[in-house]
Amino acid sequence: MIQGNMELQLSYLFERGKIMEIFTLLETLEDIMERSKRVPFTEKGIVNKEEILEIIKEIRLKLPDELKQAKWVKEERGRILEEAQKEADGIVKEAENRIIAMIDEHEITRKAYEQKAEIIETANEMSREISKGTKDYADSILANLESAVNNVSITLNEAIKTIENNRKELK
């Protein structure tokens, strides 16, 4: 229990450290913009593109894992839904092919129509169940991720207020 609690604290401190580094990089960007030479008669400034892109790259690397995980979850959800739809389409196609083969036999034509409806209904039900399960899974992951991102956002907002207050005190 204590070890698990310590791991959570270490994880929190690690993420908090990454967030503070992001704020430092954002302040650096802000300083670069404030120090940039102005284009005459405009509010535009001239900055070193490579320097700005390098700082942005560093910010991306330091973004919390929850944000990176959100992107992965979104992509994974799409992939799972697409896979489920392909599987459902395959089941329906297989059912249709079975029915066509059965129609050729006169005696079982009536049974074929009955089985066709059952097979299609079963395939559609399986498709709905797969789709629902996938959506429920993705929703659960997204809900957990949303909560984590909200917590990170609260921490970021608190850190921004602290930085702003500290900067005001320095002026």
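Residues numbered from 1 in each chain as written. Predicted model: local features only at pLDDT ≥ 70, side-chain atom pairs only at ≥ 80, totals over all residues. Heavy atoms only, no water.

### Here's the deal with the nonpolar core
Right, on to step 1. One finds Ile 22, Leu 25, Leu 29, Ile 32, Ile 52, Ile 55 and Ile 59 forming the largest nonpolar core, which totals seven residues.
Right, on to step 2. Elements supplying a minimum of two residues to this core: helix 1 (2-35) and helix 2 (49-62).
Right, on to step 3. Tallying contributions element by element places helix 1 first for this core, with four residues.
Right, on to step 4. Leave out the neighbours within four places in its chain, and Ile 52 touches Leu 29, Ile 32 and Val 47.
Right, on to step 5. In terms of nonpolar packing, the next biggest core, distinct from the first, is built from five residues, Ile 19, Phe 23, Val 152 and Ile 163 among them. (Core = buried A, V, L, I, M, F, W, Y, C linked by side-chain atoms within 4.5 Å. Buried < 20%, exposed > 50% of the residue type's maximum accessible area, 1.4 Å probe, protein only. Helix = DSSP H or I, 4+ residues; strand = E, 2+ residues; numbered from the N terminus. Contact = heavy atoms within 4.5 Å.)

### Considerations on empty space enclosed by the protein
Taking a probe equal in size to a water molecule and rolling it over the atoms shows the remaining empty space.
Right, on to step 1. According to the stated counting rule, one finds one cavity of 30 Å³ or more in the structure shown.
Right, on to step 2. The volume enclosed by the largest cavity comes to roughly 30 Å³.
Right, on to step 3. In this structure, the largest cavity is lined by Val 73, Glu 76, Arg 77, Ile 80, Tyr 137, Ala 138 and Ile 141.
Right, on to step 4. Secondary-structure elements contributing two or more residues to the lining of the largest cavity are helix 3 (65-103) and helix 4 (109-170).
Right, on to step 5. Here the residues of the lining of the largest cavity are counted per class, giving five nonpolar, no polar and two charged. (1 Å grid on protein atoms, 1.4 Å probe; cavity = no way out; pocket = protein on both sides within 12 Å on 5 of 7 lines; lining within 4 Å. Points joined across faces, edges and corners; volume = space filled by probe spheres on them. Nonpolar A, V, L, I, M, F, W, Y, C, P; charged D, E, K, R; others polar.)

### Brief notes about the side chain of Ser 36
Right, on to step 1. Of note, Ser 36 is situated in the loop between helix 1 and strand 1 (37-38).
Right, on to step 2. At a separation of 2.7 Å, a polar atom in the side chain of Ser 36 contacts the main-chain carbonyl oxygen of Met 33.
Right, on to step 3. Apart from the residues within four sequence positions on either side, Ser 36 is in contact with Gly 45, Ile 46 and Val 47. (Polar contact = N/O pair within 3.5 Å; in protein donor to acceptor, adjacent residues only side chain to side chain.)

### Let's talk about the pattern of salt bridges
Right, on to step 1. Evaluated as defined, the whole model comprises seven salt bridges.
Right, on to step 2. Ionic pairing is found between Lys 132 and Asp 136, a salt bridge with its closest N-O pair at 2.7 Å. A residue pair is termed a helical-turn pair when its members lie 3 or 4 positions apart in one helix, as Lys 132 and Asp 136 do in helix 4 at four residues.
Right, on to step 3. A residue is classified by how much of its surface remains accessible, and Asp 136, at 40% relative accessible area, is partly exposed. (Salt bridge = Lys/Arg side-chain N within 4 Å of Asp/Glu carboxyl O.)

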